[in-house]
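Coordinate inspection notes
The residues making up each chain are set out below.
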Amino acid sequence: MLKKIVIIIILLLVTIGFPIKIGIYYNPPKIIDSKTGIFPEILNYIFEKENIKYNYIFDTFSNLIKKLDNREIDAIACVGFSNERAKKYDFNDVSFMSDWAVVYVNKNNRGITNIFDLKNKKIGVLKKDIYYEDDEYGIKKKLENFDIKSTFVEFYTYDGIFNALSENKIDAGVVNRTYGLLNAEKYNLSPTDIVFSPIKLLMMFRKDYKRKNEIISLIDDDLKRFKEDKNSIYYEIINKYLYVEKINNIPDWVKWIIYISIIIFIGFLADHYFLKKLVEKRTKELREINKELNRKNNELESLNEQIVAQNEELESLYIHNEKLQNSLKLLIKLMADMGESEYISEDSFILKLVETLRFIIPGFKYDKVIKVEKNKKITIVEFGKEKETLRKLKTSLTLSDDLRYEIVHELDEKEINLEYVYELMESFRVLAKAFYRIKNEAQIEEKFREDIIKSLISFLELHDEYTKNHSKNVAKLSKKIAKKMNLDEETQKKVYWAALLHDIGKLIIPNEILNKTSRLTEEEYNKIKMHPVYGFEALIKVENLKEIAYGIKYHHERCDGKGYPDGLECNEIPLIAKIIAVADSWDAMRSRRAYRDPLEFNIALKEIKKNAGIQFSPEVVEAFLKIIKEEGE
């Protein structure tokens, strides 16, 4: 007894200015908050009885371990004992209670009945939990011993595990027995037969905590005494959370009611006074119950506020993540535009660069883009309103001796990291220069290709005197039809080049056949019909000309399947070939040939209309007729 008094006096002297810091985490029913749950209520009773000052630090279990290691707290409540942990931390001796691990599954997914069913499954576990990481008690080591490979998904709370399990985001979840018993029904989950690792739940202290021996001694002494007395506060708290209370004998006041009722029934001698007292007593009880309900309601409201705050934080993270994704999409689009530089102007690309900058850096309040071409300045666009109070940044993008862009930004320094802005603007400057260089190279390549093709066409015209300017006329008309059909600019170019080269195969046909003024023999006509195939074979081996090659090969096919060389029907003929077919026929009818004079405008037009759907594609004829209507004869 004297020893205990001395320890208490020492503790009182030490704790005057240094309360013990105890880490607690959400683990119902063991820990709900600093006042509610098995561990807080037992500890609060012991500390207040022994006059020990204390503070609770509420966090996730994994974060509390870090804080204990960093000496930010002195102990953690409700920790499972293992030999591995005992090497690093100290524990009290008398257990608060015992517990073990149970594997739970969704009621709609009962395919897991034993430990071998966990193979290749996603298992939810609590980060730093003894049932997860401990070499002696953890499921991770147990599965390794059975050579069972599974994927572990870490959570910060048991609630997180059960929530993910109820939504089928994981296949199974490992929680302690008491938490599972109280919460499984709420999440529509079922326990499996996989049960393992019974452990003692104790207080865990850092080894260098100076007061640990005295406090451990007090806690162990009180717990021993509590457990010896079945009517102690310990069993009252345990029964409150884990067991159904036994129904006591009938209270005396109830007996009195029974006696009075019998007396009233027998002789109508009951006294109104007893009824009044009974009502008053019941009213008092209801008021107490109402107070308790209000207290619980306040706790629920507090928890709800925490959940709302967490949801707002998650929403903020989601918005930030979505913005990063959109920024990435814009940058990818910019890179794709560089690949199509020959179809995009410098002004358009610079504007896209500025718009992307404004999206990625929301702190830009004003932007102005000025084009300087041959020393002449033109303002292309302005975003926002200029203000003298904001920080100005100027960027100059020099693309050539005669062309540069000056970009003025106004920004709020409080909202932006300037170093990040400078790095980003330098990256965009490199992009702009790369775009201009690619565009120039594409234009040079395009001009070189055009000169070669025109040389080939000139050679063809020398070979076939009746097709002079025919290829150029067909190419121009084909491009007009493609444009009228709202085809993209790249496809319009392909149509143009295919039309320009559509008769290139005639170079292989002897010119005595091509320029023959009399009727062709069947053999000569069959040789003429091979010119689309010769043109196709000349171009198909070039990767970038494959689509053009097929347009050349099939420009003499018909919608009724009577064309050549393969007798394709309308839905099988490439669109480029369909367009060339109309343009080629029109120019041929309107030109002089070795065997006839040119047809009159109205006669040729009538032939085109008459053969829509038979020889020609109706859609192409419709676009052609619109051009004729607009341009006239």
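Now for a description of the structure that goes with this document. (Residues numbered from 1 in each chain as written. Predicted model: local features only at pLDDT ≥ 70, side-chain atom pairs only at ≥ 80, totals over all residues. Heavy atoms only, no water.)

**So, helix α2 (residues 38-49)**
Since there are 3.6 residues in each turn of an α-helix, residues three or four apart along the chain are aligned in direction. Between the first and last C-alpha of α2 there are 17 Å, a value that for twelve residues agrees with the 16 Å anticipated at 1.5 Å per step. Extensive coverage of α2 is indicated by the burial of nine of its twelve residues. Buried residues of α2: I38, F39, P40, E41, I42, L43, N44, I46 and F47, and no others. Looking one or two residues beyond α2, the residue adopting positive phi is N51, at roughly 60 degrees. (Helix = DSSP H or I, 4+ residues; strand = E, 2+ residues; numbered from the N terminus. Expected span 1.5 Å × (residues − 1). Buried < 20%, exposed > 50% of the residue type's maximum accessible area, 1.4 Å probe, protein only.)

**Focus on the packing of helix α16 (residues 489-500) against helix α21 (residues 575-589)**
At their nearest, the axes of α16 and α21 sit 10 Å apart, and the two run at 55 degrees to each other. Of the possible angle classes, the one that applies to α16 and α21 is oblique. α16 and α21 meet at a crossing whose hand is right-handed. Between α16 and α21, the contacting residues are K494, V495, A498 and A499 on the first element and I576, I579 and I580 on the second. (Axes fitted to C-alpha atoms, helices over the stretch in contact; angles between N-to-C directions. Parallel < 35°, antiparallel > 145°, perpendicular 65-115°, else oblique. Left-handed = near helix turned anticlockwise from the far one by under 90°. Contact = heavy atoms within 4.5 Å.)

**Digging into the state of the cysteines**
With the rule as written, the count across this model stands at one disulfide. Between C559 and C570 runs a disulfide, and the two sulfur atoms are separated by 2.0 Å. You can see C559 sitting in the loop between α20 (546-553) and α21 and its partner C570 sitting in the loop between α20 and α21, a full eleven residues away along the chain. On the basis of relative accessibility, which here comes to 11%, the residue C559 falls in the buried class. (Disulfide = S-S within 2.5 Å.)

**A short note on the packing of α20 against α21**
Where α20 meets α21, the axes come as close as 8 Å, and the angle between the chain directions of the two elements is 45 degrees. On the basis of their axis angle, the class for α20 and α21 is oblique. Where α20 crosses over α21, the handedness of that crossing is right-handed. On the side of α20, the interface is formed by E547, Y550 and G551, while α21 contributes I576, A577 and I580. Among the residues forming the contact of α20 with α21, the class breakdown is four nonpolar, one polar and one charged. (Nonpolar A, V, L, I, M, F, W, Y, C, P; charged D, E, K, R; others polar.)

**Observations regarding the pattern of salt bridges**
Tallying each qualifying case throughout the model produces 30 salt bridges. A salt bridge links K207 to D90; its shortest N-O distance comes to 2.9 Å. Taken together, the residues span a long stretch of sequence, with K207 in the loop between β9 (189-206) and α9 (212-228) and D90 in strand β4 (residues 89-91) at a distance of 117 residues. Judged by relative accessible area, which is 36%, K207 ranks as partly exposed. When the shortest N-O distance is used, the salt bridge between K107 and E185 registers 3.0 Å. Taken as a pair, K107 in the loop between β5 (97-106) and β6 (122-126) and E185 in the loop between α8 (177-183) and β9 lie far apart in primary sequence, 78 residues in all. Judged by relative accessible area, E185 falls into the exposed class, the value being 61%. Beyond isolated ion pairs, a larger network of salt bridges with shared partners links K49, E50, D222 and R225. (Salt bridge = Lys/Arg side-chain N within 4 Å of Asp/Glu carboxyl O.)

**Focus on the environment of G173**
Summarising the element assignment, G173 is placed in strand β8 (residues 172-176). Sequence separation between G173 and Y104 is 69 residues, and the spatial gap between their C-alpha atoms is 5.3 Å. Each residue touching G173, except ones within four places of it in the same chain, is listed here: V102, V103, Y104, G124, I161 and L165.

**Notes on a negative patch on the surface**
Taken together, the side chains of E84, E133, D135, E136 and E154 present a region of like negative charge at the surface. Note on placement: E136 falls in the loop between α5 (130-133) and α6 (139-145). Residue E136 is classed as partly exposed on the basis of its relative accessible area of 35%. (Patch = residues over 30% accessible without salt bridge, like charges linked within 9 Å, V, L, I, M, F, W, Y side chains within 5 Å. Areas by Shrake-Rupley, 256 points an atom, 1.4 Å probe, with all protein chains shown as cover. Lys, Arg positive; Asp, Glu negative; His and termini not counted. Charge placed at Lys NZ, Arg CZ, Asp CG, Glu CD.)

**Here we look at the side chain of S190**
Note that S190 resides in strand β9. On the basis of relative accessible area, S190 is assigned to the buried category, the value being 10%.

**Quick word on unusual backbone geometry**
Note that the residue after P28, namely P29, is joined by a cis bond; omega there is 5 degrees. With respect to the helices, strands and loops of the structure, P29 is situated in the loop between β1 (20-24) and α2. Note that the residue after Y564, namely P565, is joined by a cis bond; omega there is 15 degrees. In the Ramachandran plot, K128 falls in the positive-phi region, its phi being about 70 degrees despite a non-glycine side chain. Structurally, the position occupied by K128 is in the loop between β6 and α5. By relative accessible area, which is 31% here, K128 ends up partly exposed. Phi is positive for N168, which is not a glycine, with a value near 60 degrees. Tracing the sequence through the fold places N168 in the loop between α7 (158-166) and β8.

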